[in-house]
Amino acid sequence: MAALRHGRGVLVVALFTASIGFAVPRSFRGNAAKGAPSVARDFGSFSDFSGSNRHLWCVLPIGVTVAACRFSQRARSARPRLLLRATPFPDGKYDPDTAAAYFQSRPWMVTWRAAELAGTGLSLAARLLLDLQTGQWEANASKRAQELVEILTDLGPTFIKIGQALSIRADLLSPAYLKALTELQDRVPPFPTPIADEIIESELGRPVGEVFEEISPAPIASASLGQVYRAKIREGPEVAVKVQRPGMEEVVALDLYLLKLGSGPLRAFLELTRSGLNTDIPGLVDEWGKGFVGELDYLQEAANAVLFQHDIEKTPLAGAVFAPPPIESCSSAKVLTTEWVVGERLETSGAEDVTKLCSVAMNTYLTMMLETGVLHADPHPGNLLRTPDGRLCILDWGLVTTLDPSFRVAYIEHIAHLVSGDYDPVPTDLVTLGFVPEGMEDDIIQSQVVGTLANVYGQWSAGGGAARVDVNALFNQIQDLSRKYGNLFRVPPYFFYIARAFAVLEGIGLSNDEGYSVVGECLPYVAQRLISDEDPRISNALASFIYGSQKGLDRQPSPERLKYLATGFSSYMAATRNDNTSAAKEASKLADQLASLVLGRVPNGSETNGEASKGRRVAPALQDLLLDEIAKVVGANARRFASSWKLPGSLMTPDTSDEQVLANAQEIVSMAEPQVQEIIQRFRDLPFTEQRSIAAEVLSKLWDYRGQAFGASGRLAARLLLQGISRVRADIDKAFSDR
């Protein structure tokens, strides 16, 4: 079974490669034969692919095609071109229309590439199928894995990217394939250094020796789009110099063009087979194209790194993660120079803090996705380093994607609804996020889609990645639903890079821990946002998380969810803690953070009077919920005390709701007691001078919140009054109804 599961992953890659080659429409092939450009650009129709042409292409000798393609690759790599007279993207930005016009005037180039992909993919698929049929799958695994690496390398950057994404998916591929594909992370065969020198001199306008005092004679790393040299700037620091491979724009553009040609037939096939997916595949290709072509502009990559550093400094992750600062004077569109970072790959580090840095990585990516809005979309293991001082360094900022602010909040709401079991808003969530077409909310409600999602969420939460999820059963459920309700689901184009980034992070986690749960690792950041964010929508999501679908003053919190929330928040605080900070300063910082959450933030001196006034007026969502629950506990205890003295009046008589409130409070205290005792014991174990220092720091920080504490006590009194009025009103209503 394991061989079959792993075999599917490799076969998918081979058949995917071949399918791109067979996707070229007949009308285009006709123009290729005539050597004339086509006037019509049909990305979505498969109707012109006639039987005769299909027969013609299927009978091409695969071995001859592969040999010819490999020969052409060697010839092209031996004579790289630095400049092109025309380019598929004149403005340097992805544009499918300009690419179509460019390649329609070069039909033989397109036809040759299509044949190359079809022949190479089918040849590998045939060998893999033969291994399966003859029982030689395991015996030939290392050999086939190396063949796959060679094929992906020869086919160029598009397919190297696919190999990089698969290289850490231990739940999808066998160890032999994982080991071989690891070479694609930073050991892709380099292009000659003399050509790199020409590019540097052409881009920077000066000889290499004038710019750099020293530079390594050979690249220290080589990837899909470029290679890196170690150098030292004259009268400056040590740097990393990344040089783009020549002719990349044309290579990338051609593959994207072929993918766009094949996207229409693939979408038609999915609709025809009632797969349950109503996916905008051409839109997905365009989204990938924007990011892929954007990677070719190294000046934009430098700007992305600077923006990340600026944004992350405003979060609790400041000091825990960083991007290498670019050297603008030595950078251009095809040459990027950044400060040299000493470090080791996170996945291979033996340091004790690797687990913590993995949490830092997940929290960083969630911060980018759900807070700053610019997501690093290429987090393969070669791009994540652990520095000697215990920080996380993220390299290679060429591939990023942005997320609309409304989507960022919607994702947090959706996660809160799923975790809490509050499924009523889920159909609306799916429409808002673009996974379900508008107008199909009723179909989602009538079907068992929400239950299916909850089941998948539960399986994924258990850890182990896709290997623990019954994918066949899931797709059968979706297909059954689609036959009854039509294609309910679609994958929105913006989600492509998000899914890729988190699939890679999950793969890194699974390589270190077979039970790794990417859903569980998301909890700390989501808990921190639910607790600390003042956005009204997130405040509602927090209430949904704690109370589920309960509404009104009598709603009861779930102790288990409160524990879940507290555990996640404490994990986030631990991941972002600076181990080099003194205990007193760390305690002061923690007291400040907790007080600001419970009582409301204290405005700093840089804020204007208007901002400060606004900051004092707005109570955090957590404070509102805490005051509600404290008021309930105080009221219930008061009524229990009054009842013991046999005081008259229903206002002083406890009811079943009071008993539930007190039972919940007792359960919450019991869950928190071990942690509190541990903190107290750790404090007692410290030297007296350190105890005194911590106490002074904490008391000084809490004193700053005296105004907020006074305001919170007033709001608590108001809630107690409201609670009493509510009970009196209920008694009056009951008296009138009994008449």
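Residues numbered from 1 in each chain as written. Predicted model: local features only at pLDDT ≥ 70, side-chain atom pairs only at ≥ 80, totals over all residues. Heavy atoms only, no water.

Our working definition: UniProt positions are given in the numbering used here, feature names are shortened, and annotations may be inferred rather than shown by experiment.
In the annotation of an unreviewed UniProt entry, the protein chain is listed under the name Protein kinase domain-containing protein and assigned to Effrenium voratum. For the record of the protein chain, the UniProt heading Sequence similarities (unreviewed entry) holds the text "Belongs to the protein kinase superfamily. ADCK protein kinase family."

**Let's talk about the packing of aromatic side chains**
Our working definition: Here the aromatic set is Phe, Tyr and Trp, taking the six-membered ring for Trp, and pairing holds for ring centres within 6.5 Å; pairs whose planes are under 30 degrees apart are stacked, those over 60 apart are edge-to-face, and all others are tilted.
Scanning the entire structure with this criterion turns up six aromatic pairs. Among the aromatic residues, those joined into a ring-pair cluster are Y102, F103 and Y257.

**A closer look at the pairing of strand β3 (residues 226–233)**
Cut-off, in case you're wondering: The criterion for strand pairing is that DSSP finds at least two bridges linking the strands in question. Strands are runs of DSSP state E lasting at least 2 residues, helices are runs of H or I lasting at least 4, and numbering of each runs from the N terminus.
Relative to β3, strand β1 (residues 212–215) runs antiparallel, the two sharing three bridges. In the strand pairing of β3, I215 is matched with A231. By the bridge criterion, two bridges tie strand β2 (residues 221–222) to β3 in an arrangement that is antiparallel. Looking at β3, one finds that A221 is bridged to V228. Between β2 and the antiparallel strand that follows it, β3, lie three residues. Pairing geometry for β3 and strand β4 (residues 238–244), over seven bridges, is antiparallel. In the strand pairing of β4, V228 is matched with K242. Connecting β3 to the next strand, β4, in antiparallel fashion are four residues, including E235 with a positive phi near 55 degrees.

**What about unusual backbone geometry?**
Not every positive phi belongs to a glycine, and E235 is a case in point at roughly 55 degrees. Relative to the helices and strands, E235 resides in the loop between β3 and β4. Backbone geometry at D396 places phi at a positive 60 degrees, although glycine is not the residue there. Structurally, D396 is set in the loop between β10 (392–394) and β11 (400–402).

**Side note on a nonpolar patch on the surface**
Filter applied, for reference: Exposure above 30% relative accessible area and the lack of any salt bridge qualify a residue for a patch; like charges then connect within 9 Å, and the nonpolar side chains Val, Leu, Ile, Met, Phe, Trp and Tyr within 5 Å. Where accessible areas are quoted, they stem from the Shrake-Rupley method and a 1.4 Å probe; at the residue level, only the protein chains shown are allowed to cover. We define a salt bridge as a contact between a side-chain nitrogen of Lys or Arg and a carboxyl oxygen of Asp or Glu at a distance within 4 Å. Each residue is placed in one exposure class: buried if its accessible area under a 1.4 Å probe, protein chains only, is under 20% of its type's maximum, exposed if it is over 50%, and partly exposed if it falls in between.
Side chains of V598, L626, I630, V634 and L720 sit close together on the surface and give an oily, nonpolar patch of about 330 Å² of accessible area. Secondary-structure assignment places L720 in helix α31 (residues 706–738). Residue class for L720 comes out partly exposed when judged on its relative accessible area of 31%.

**So, the sheet that holds strand β5 (residues 321–322)**
Quick reminder of the rule: Only heavy atoms enter the contact rule, under which two residues are in contact if any of them lie within 4.5 Å. Working convention: axes come from line fits to C-alpha atoms, limited for helices to the stretch in contact. Angles between N-to-C directions cover 0 to 180 degrees.
With mixed pairing, four strands are arranged side by side in an open sheet as β5-β10-β9-β7. Each of the sheet's edge strands pairs with one partner strand only, and the pair in question is β5 and β7 (344–345). Bridge analysis of β5 against β10 gives two bridges, and the strand direction is parallel. Across the sheet, the residue bridging to V321 is L392, located in β10. Its contacts with the sheet place helix α16 (residues 354–372) against β5, β9 (384–386) and β10, and it is angled at close to 45 degrees to β10.

**Some points on the packing of α16 against helix α23 (residues 518–532)**
Counted only if it meets this: Put simply, angles under 35 degrees are roughly parallel, angles over 145 are roughly antiparallel, angles from 65 to 115 are roughly perpendicular, and the rest are oblique. Helix crossings fall into two classes, left-handed where the near helix is turned counterclockwise from the far one by less than a right angle and right-handed where it is turned clockwise. Under this grouping Gly is polar, as are all residues other than the nonpolar Ala, Val, Leu, Ile, Met, Phe, Trp, Tyr, Cys and Pro and the charged Asp, Glu, Lys and Arg.
Two elements in contact, α16 and α23, have axes separated by 9 Å at closest approach and are oriented at 60 degrees. Our classification of the angle between α16 and α23 gives oblique. Handedness of the α16/α23 crossing: right-handed. Side by side, α16 and α23 meet where S359, M362, N363, L366, T367, L370 and E371 of the first sit next to V518, E521, C522, P524, Y525 and R529 of the second. Of the residues belonging to the contact of α16 with α23, the class tally is seven nonpolar, three polar and three charged.

**Looking at the confidence of the model for the protein chain**
For clarity, the cut-off: Per-residue confidence from the predictor is given as pLDDT, running between 0 and 100.
Per-residue confidence for the protein chain averages 75 on the pLDDT scale, and 72% of its residues sit at or above 70. Per-residue pLDDT, averaged within each element of the protein chain, yields its smallest value for helix α3 (residues 51–58) (35) and its largest for strand β6 (residues 335–339) (97). Considering only residues more than four positions removed or in separate chains, one finds that residues 25–84, a stretch of pLDDT under 50, has 87 contacts. Counting interchain partners and residues more than four positions distant, the pLDDT-below-50 stretch residues 605–618 has eight contacts.

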